[in-house]
Amino acid sequence: MRVDVQQLLDNLDLFGCIQCGKCTGGCPVSLTTVLNVRFLIYETLMDALPDIEHAEELWDCTCCFTCVERCPKDVRPADLIIGLRGQLVEAGKIPPTIGDALMGIFRQGNPLGFARDDRFGWAKGLDVKLIEEGAENLLFTCCSSAYDVRAQIATRALVRALQAAGVDFGSLGTEETCCGNEVRRVGEVAMFEEMLVAEGKPLFESTGAQRIITTSPHCYNTFKNEYGLEGMEVVHYSQAVAKLLEEGKLTFSGRLEKKVTYHDPCFLGKQNGIFDEPREVIRAIPGVEFVEMDRIRERSLCCEGGGGRMWFEGTNSEERLAFQRVHEAVGTGAEILAVACPFCMSMLEDAVKVQGLEEQLKVMDIMELVVGAL
C-alpha cells in the first residue's frame, strides 16, 4: 500500500527531528519487536516508506507516549504511527480483531460487543441514580469497568467509597458509549470525531454536572484533552478520592496490614502528570507499607494494554512487558501490586497467572484496598 506522505507531513511536524534516537531508545516495545520510530520518521521525510500494509509492527505501539515525552524537539513520534494506522484504516487494512472492536463500538457502544442494555448491570444493588435526576458529579465507567467481571469489582468499590463520603453523583446508565480514546489511537479518526465526540460532548454538557469522574485513565485523557468540554471539570477517580481524604470526608475504621507497590498507568502518569494522588490514597490506608519499584512515575513501564493493544495480540506475545513488570513488583517484596486502570488490571493480572506468581503477588485496584479498610 502506497503511503500518502504529503498528508502525514501536512498533519505532523516531523521536520524538527534530529534523528537522535531517543524515541526508539525509550520505546518499551522496541526491545521485543522490530518497531523503530526513529527510522519511520526518517523514511517518511525521505519519502521512502515501504509497503505498510504488511507492517504488523505498526500495531505493536501502545501509544504510551514515552517517545513523545523524551523527544528533545517536541516532534511527537507516536503521532506518526497513529497517522500511518489512519491510512491503513481508510484502506480497510486492519487486523480483524481491531475491526471487530470498532464494529462493536458502532453497534453497541463498546469494543467488547456486549449489549448496550447491559451497560448499567454493574450497578445492580448499589442504588446508583441516573444523572438525569440531577447530580453534581457524573461517574463515567470505562467499557472494561462496566462489562468486565473483574473490573466491575473495582467500579463497585469506587461507588461504595463515594457513597460513604456523601458524594452526589449519577450515571448515564445505558446511554454511556465508549470514550473513543483507543479508537483515536488506532487511527479511526472519523468514528472518533464524527460519532463519539459529536454525540458524547453535547450529552455530557447537557447533564448539568460540574465534573466527570472517570474509572479509567484512558477516558480521563480523552475527555480532558480531546473532547473540548465546556464548563465541566474532568478528574480521575484517584484525584477525587485523594481530595475526599484530604478534606476528611472519607475516613478509615479498619486496617490493611500489607506491603503494597503501585504501577503508574501511562495515560494517567506520563501523559497527564498524575503521579501523587494515587500514592496519597494508598499511603493513607492504615497498616499499609508502601514500597516503590525501580521504574516509576515518568519512567514507569507500560503494561502494553493501550493504543488498541487490548484488541490485538501483537508480534511479541512471547515476551510481554507485563511479564517484566510483575517480576519487578515481586522484587520489591510487595504482596499487592496496586493499579488505577482497568487495562493495567487485566494485563498485569494475566501476567501474574502466566508467570506463576499467584502465591507471591496479587493485583488489586486502589479502590479495592480503600474499601477493604473503610
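Every value quoted in this text rests on a predicted model; they were computed, and no experiment measured them. (Residues numbered from 1 in each chain as written. Predicted model: local features only at pLDDT ≥ 70, side-chain atom pairs only at ≥ 80, totals over all residues. Heavy atoms only, no water.)

**Quick word on the overall build of the chain**
Defined as follows: Numbering of helices and strands runs from the N terminus; a helix is a DSSP stretch of H or I covering at least four residues, while a strand is a stretch of E covering at least two. Restricting the calculation to C-alpha atoms gives the radius of gyration, and the globule rule supplies 2.2 Å times the number of residues raised to the power 0.38. We call a residue buried when its accessible area falls under 20% of the maximum for its residue type, exposed when it is over 50%, and partly exposed in between, using a 1.4 Å probe and counting protein chains only. We call two residues contacting when some pair of their heavy atoms lies within 4.5 Å. Per-residue accessibility takes into account occlusion by the displayed protein chains alone, with areas from the Shrake-Rupley method and a 1.4 Å probe.
Broken down by element type, the chain carries 16 helices and eight strands. Relative to a compact globule of 374 residues, whose C-alpha radius of gyration would be 21 Å, the chain shows 20 Å and is just as compact. By residue count, 58% of the 374 residues in the chain fall in the buried class. Long-range contacts, defined as pairs at least 24 residues apart, comprise 76% of the intrachain contacts of the chain with a sequence gap of at least 6. Counting every atom, the chain has about 15400 Å² of accessible surface; 47% of that belongs to carbon and sulfur.

**Things to note about the layout of surface pockets**
We count it as follows: Put simply, the grid is 1 Å and covers the protein atoms alone, a cavity is a trapped set of points that fit a 1.4 Å probe, a pocket is an open set with protein on both sides within 12 Å along at least five of seven lines, and lining residues have an atom within 4 Å of a point. Grid points are joined across faces, edges and corners, and a volume is the space filled by probe spheres set on the points. Note on residue classes: Ala, Val, Leu, Ile, Met, Phe, Trp, Tyr, Cys and Pro are nonpolar, Asp, Glu, Lys and Arg are charged, and everything else, Gly too, is polar.
Estimates place the volume of the largest pocket at around 560 Å³. Along the walls of the largest pocket sit 36 residues, with Met310, Trp311, Phe343, Ser346 and Met347 positioned nearest its centre. Elements supplying a minimum of two residues to the lining of the largest pocket: α7 (143-147), α9 (181-185), α11 (217-225), α14 (321-331) and α15 (342-354). In terms of residue count, α15 provides more of the lining of the largest pocket than any other element does, eight residues in total. Tallied by class, the residues present in the lining of the largest pocket amount to 22 nonpolar, seven polar and seven charged. Volume-wise, the second largest pocket comes out at about 480 Å³. If you trace the second largest pocket, you find 22 residues lining it, with Asp79, Ile82, Gly83, Arg184 and Val189 closest to the centre. Put simply, the parts of the chain that give the lining of the second largest pocket at least two residues each are α1 (5-11), α5 (77-90), α9, α10 (189-206) and α11. The greatest single-element share of the lining of the second largest pocket, amounting to six residues, is contributed by α5.

**Quick notes on the nonpolar core**
What counts, and what does not: Side-chain atoms within 4.5 Å link the members of a nonpolar core, which is a set of buried Ala, Val, Leu, Ile, Met, Phe, Trp, Tyr and Cys residues.
Counting residues in each nonpolar core, the largest one holds 134 residues, and the members touching the most others are Leu84, Phe204, Phe223, Leu348, Ile366 and Val370. Not counting the four nearest positions on each side in its chain, leucine 84 is found in contact with Val3, Leu8, Leu40, Leu49, Ile52 and Leu58.

**With respect to unusual backbone geometry**
Across the chain, the bulk of peptide bonds are trans and the bulk of non-glycine residues have phi less than zero. You will see that aspartate 74, though not glycine, has its phi angle at about 55°, which is positive. Among the secondary structure elements, aspartate 74 is positioned in the loop between α4 (66-70) and α5. Residue classification places aspartate 74 among the exposed positions, given a relative accessible area of 63%. With phi around 85°, glutamate 304 is a residue other than glycine that occupies positive phi space.

**Topic: helix α13 (residues 276-284)**
Residue pairs spaced three or four apart in an α-helix point in one direction, given the helix's 3.6 residues per turn. Definition in use: Note that the arc is defined by the directions from the helix axis to the C-beta atoms.
Inspection of α13 places Pro278, Arg279, Val281 and Ile282 among the buried residues, and these make up the whole buried set. In a view along the axis of α13, the buried residues occupy a sector of 155°, so they form one face of it. Looking at the buried positions of α13, the neighbouring elements they touch are α12 (237-246), β5 (259-262), β6 (289-290), β7 (336-339) and α16 (366-373).

**Regarding the environment of cysteine 142**
Mapping cysteine 142 onto the fold places it in the loop between β1 (137-140) and α7. Expressed as a C-alpha distance, the spacing of cysteine 142 and glutamate 176, which sit 34 residues apart in the sequence, is 9.0 Å. Every residue in contact with cysteine 142, bar those within four places of it in the chain, is listed here: Arg119, Thr215, Ser216, Cys219, Pro342 and Phe343.

**Quick notes on the sheet that holds β6**
Put simply, the rule is: The pairing criterion for strands is at least two bridges between them, as found by DSSP.
Pairing within the open sheet is parallel, and its four strands lie in the order β6-β5-β7-β8. Either end of the sheet is taken by a strand with one partner, and the two such strands are β6 and β8 (362-365). Pairing of β5 with β7 involves three bridges; the strand directions are parallel. Along β7, the bridge assignment pairs valine 260 with isoleucine 336.

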